[in-house]
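This is what each chain is made of:
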Amino acid sequence: RFVELEGAHRVRELQRSGHNVIALTSHSVGLEFSVLGLSFEFDCSGPYKPMKSPLVDWLVAGGRTRFGVRAYTRGDGMRPLIRDTRNGRVLIYLADEDLGIEHSVFANFFAEPKATLPVLARLARQCRAVVVPCTSCYDTRRRRYTVKLLEPVMNFDQYDEQQSAEY
């Protein structure tokens, strides 16, 4: 009752027309609510980085997987994510990982250049997926989180690494 999902029809329409879907969200205060809102409506998978604190890790992992989200760690590799997405699960992708300069490109984040992985376009190609931006924010008036699935970005798989990171 504290999370509302808007735009689910966009993902349903894409899936009905045979498209796989990647929901592009960001690490922000509302991240966990994005995962929660998407998991109420869709079978989902996503990458997961274990936390240093066992208690925090248990809380975060438990929250993400509570409603059926499949969470894969870096050690699992990308294959399970690609397989799940090709099999119809919505891939929840978080676009702000920094693994160092040799693996990253720099893209503006609030007008500041930040290192990020240039993976999304390649992942869209491998998953044969359409990218759907996803945001979440707290609505103080209604006292709930609103998760919004925005217009799909068609042909994202044709973006180069820099364009992908800048999106």
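Just above sits the structure.
What you see is a predicted model, and the numbers here were worked out from it, not measured in a lab.

Peer 1: Help me understand the overall build of the protein chain in this model?
Peer 2: Within the protein chain, the secondary structure is distributed over six helices and nine strands. The C-alpha atoms of the protein chain give 15 Å as radius of gyration, which agrees with the globular expectation for 167 residues (15 Å, within 12%). C-alpha extents for the protein chain along the principal axes are approximately 40 × 40 × 35 Å. Out of the 167 residues in the protein chain, the part that is buried amounts to 41%. The contacts of the protein chain with a sequence gap of at least 6 include a subset with a gap of at least 24, amounting to 68%. By element, 52% of the accessible surface of the protein chain is carried by carbon and sulfur atoms, the whole surface being about 9800 Å². Separation of charge centres in the protein chain, based on 23 positive and 20 negative side chains, amounts to 6 Å.

Peer 1: Whenever I open this one, the nonpolar core confuses me. Can you help?
Peer 2: With 22 residues, the main nonpolar core has Leu38, Phe42, Cys44, Val90 and Leu149 as its most contacted residues. Those elements that place two or more of their residues in this core are α1 (8–16), β2 (20–25), α2 (31–41), β5 (90–94), β8 (129–139) and β9 (144–149). Beyond its immediate sequence surroundings of up to four residues, Leu38 is in contact with Leu5, Ala23, Cys44, Ile92, Cys134 and Leu149. In this structure, Tyr72, Ile82, Tyr93 and Ala121 belong to the second largest nonpolar core, which totals 18 residues.

Peer 1: Help me understand unusual backbone geometry, please; the structure alone is not making it clear to me.
Peer 2: Glycine aside, residues mostly have negative phi angles, and peptide bonds mostly take the trans form. One non-glycine residue, Arg128, adopts positive backbone phi at about 55 degrees. Mapped onto the elements of the fold, Arg128 is located in the loop between α5 (120–127) and β8.

Peer 1: I tried to follow the packing of aromatic side chains on my own but got confused; where do I start?
Peer 2: The geometry of two aromatic rings is summed up by the distance between their centres and the angle between their planes. A complete count under the given rule lists three aromatic pairs for this structure. Between Phe40 and Phe67 the ring centres are 5.1 Å apart and the planes differ by 75 degrees, which places this aromatic pair in the edge-to-face class. Here Phe67 lies in the loop between α3 (54–65) and β4 (70–72) and Phe40 lies in helix α2, a separation of 27 residues in the sequence. Ring pairs connect the aromatic residues Phe33, Tyr138 and Tyr145, which therefore count as one cluster.

Peer 1: Please explain a nonpolar patch on the surface as it appears in this structure.
Peer 2: A grouping of Leu55, Trp58 and Leu59 is seen on the molecular surface, where their side chains present a nonpolar patch of about 390 Å² in accessible area. By secondary structure assignment, the location of Trp58 is in helix α3. Relative accessible area serves as the criterion here: at 62%, Trp58 is assigned to the exposed category.

Peer 1: Would you explain the sheet that holds β5 in this entry?
Peer 2: If you trace the seven strands from one edge of the open sheet to the other, you get β1-β9-β8-β2-β5-β3-β4, paired in mixed fashion. Because the sheet does not close on itself, it has two edges, and the strands there are β1 (3–6) and β4. For this sheet, the mean angle separating the axes of adjacent strands, direction not counted, is 25 degrees. Bridge analysis of strand β3 (residues 44–47) against β4 gives three bridges, and the strand direction is parallel.

Calculation criteria
The residue numbers shown here count from 1 along each chain, following its written sequence. Local features in this predicted model are restricted to residues of pLDDT 70 or higher, and side-chain atom pairs are both shown and tallied only at a pLDDT of 80 or more, whereas totals for entire chains, interfaces and linings draw on every residue. The basis for every side-chain value is the complete set of non-hydrogen atoms in the structure, without hydrogens or water. Counting from the N terminus, the helices are DSSP H or I runs at least four residues long and the strands are E runs at least two residues long. Between the two quantities, the radius of gyration covers C-alpha atoms and the globule rule is 2.2 Å times the number of residues to the power 0.38. Relative accessible area decides the class of each residue, using a 1.4 Å probe on protein chains only: under 20% of the type maximum gives buried, over 50% gives exposed, and in between gives partly exposed. Should any heavy atoms of two residues lie within 4.5 Å, those residues are considered in contact. In these tables, accessible area is a Shrake-Rupley quantity obtained with a 1.4 Å probe, and a residue counts as shielded only by the protein chains included in the view. Only four residue types enter the tally: Lys and Arg on the positive side, Asp and Glu on the negative side; His and the chain ends are excluded. Positions of charges follow a simple convention, taking NZ of Lys, CZ of Arg, CG of Asp or CD of Glu. Each nonpolar core is a collection of buried residues, namely Ala, Val, Leu, Ile, Met, Phe, Trp, Tyr and Cys, held together in the definition by side-chain atoms within 4.5 Å. The criterion for an aromatic pair is that two Phe, Tyr or Trp rings (for Trp, the six-membered ring) have centres within 6.5 Å, with stacked assigned to planes under 30 degrees apart, edge-to-face to planes over 60 apart and tilted to the rest. Patch membership needs two things, relative accessible area over 30% and no salt bridge, and members are linked within 9 Å if like-charged or within 5 Å if nonpolar (Val, Leu, Ile, Met, Phe, Trp, Tyr). For this analysis, a salt bridge means a side-chain nitrogen from Lys or Arg found within 4 Å of a carboxyl oxygen belonging to Asp or Glu. The pairing criterion is simple: DSSP has to find at least two bridges between the two strands. As a rule, the C-alpha atoms of each element are fitted with a line to give its axis, helices using only the stretch in contact, and angles between N-to-C directions run from 0 to 180 degrees.

Don't take any of this as a statement about function, it's just geometry.
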